[in-house]
Amino acid sequence: LRHTINFTDEATPESRAKPAGIHGCEVWAKIGDPAPTDGKGLVFLGLDTRTPYVAEYDGEHAGQTVYYMLRWANAKGEAGPWSQTVSATITK
């Protein structure tokens, strides 16, 4: 019922540092099919300033697929492009 989501700057994947000028990473999710192809249908989970982000789910969601999309945001709240979509099964 818990997913740990690690995020990095693709330019420096071995570092935990955020890209220059970035405040944090927006974490968005959608439970159930079909997989999202853009930001429509996603639910905002949070803005995390340090990796990892931990998403927790209720038992009613066990066995379902959750799709995650992330994007960087600066201190003004302006968001960058979406990440690739990543999926995982919610397990007990």
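Just above, that's the structure.
Residues numbered from 1 in each chain as written. Predicted model: local features only at pLDDT ≥ 70, side-chain atom pairs only at ≥ 80, totals over all residues. Heavy atoms only, no water.

All right, on to the overall build of the chain then. Assigned secondary structure in the chain consists of 0 helices and 6 strands. For the chain, the α and β elements follow one another from N to C terminus as β-β-β-β-β-β. Against the 2.2 N^0.38 benchmark of 12 Å for 92 residues, the chain shows a C-alpha radius of gyration of 13 Å, consistent with a compact globule. Dimensions of the chain, computed from C-alpha atoms along their principal axes, come out at roughly 40 × 25 × 20 Å. Within the chain, the proportion of its 92 residues that are buried is 33%. The contacts of the chain with a sequence gap of at least 6 include a subset with a gap of at least 24, amounting to 65%. Between the averaged position of the 9 positive side-chain charges in the chain and that of its 11 negative side-chain charges there is a distance of 3 Å. (Helix = DSSP H or I, 4+ residues; strand = E, 2+ residues; numbered from the N terminus. Rg over C-alpha atoms; globule rule 2.2 N^0.38 Å. Buried < 20%, exposed > 50% of the residue type's maximum accessible area, 1.4 Å probe, protein only. Contact = heavy atoms within 4.5 Å. Lys, Arg positive; Asp, Glu negative; His and termini not counted. Charge placed at Lys NZ, Arg CZ, Asp CG, Glu CD.)

On to the layout of surface pockets. Taken as a whole, the largest pocket holds about 590 Å³ of empty space. Lining the largest pocket are 20 residues, with Phe7, Thr8, Leu70, Ser83 and Gln84 sitting closest to its centre. Of all the elements, strand S5 (residues 65–74) adds the most residues to the lining of the largest pocket, at 4 residues. Counted by class, the lining of the largest pocket contains 10 nonpolar, 7 polar and 3 charged residues. (1 Å grid on protein atoms, 1.4 Å probe; cavity = no way out; pocket = protein on both sides within 12 Å on 5 of 7 lines; lining within 4 Å. Points joined across faces, edges and corners; volume = space filled by probe spheres on them. Nonpolar A, V, L, I, M, F, W, Y, C, P; charged D, E, K, R; others polar.)

Before going further, it helps to spend a moment on the nonpolar core. Counting residues in hydrophobic clusters, the biggest one holds 12 residues: Ile5, Phe7, Cys25, Val27, Ala29, Tyr53, Ala55, Tyr57, Val66, Tyr68, Leu70 and Ile90. Put simply, the parts of the chain that give this core at least two residues each are strand S2 (22–31), strand S4 (53–56) and S5. Excluding residues that lie within four positions of it along the chain, Ile5 makes contacts with Val27, Thr51, Pro52, Tyr53, Ala55, Tyr68 and Leu70. (Core = buried A, V, L, I, M, F, W, Y, C linked by side-chain atoms within 4.5 Å.)

With that settled, consider the pairing of S4. Here S4 shows a clear split, with Tyr53 and Ala55 buried on one side and none of Val54 and Glu56 buried on the other. Examined bridge by bridge, strand S1 (residues 2–5) and S4 share 4 bridges and lie antiparallel to one another. The residue bridging Ile5 from the neighbouring strand is Tyr53, located in S4. (Pairing = 2+ DSSP bridges.)

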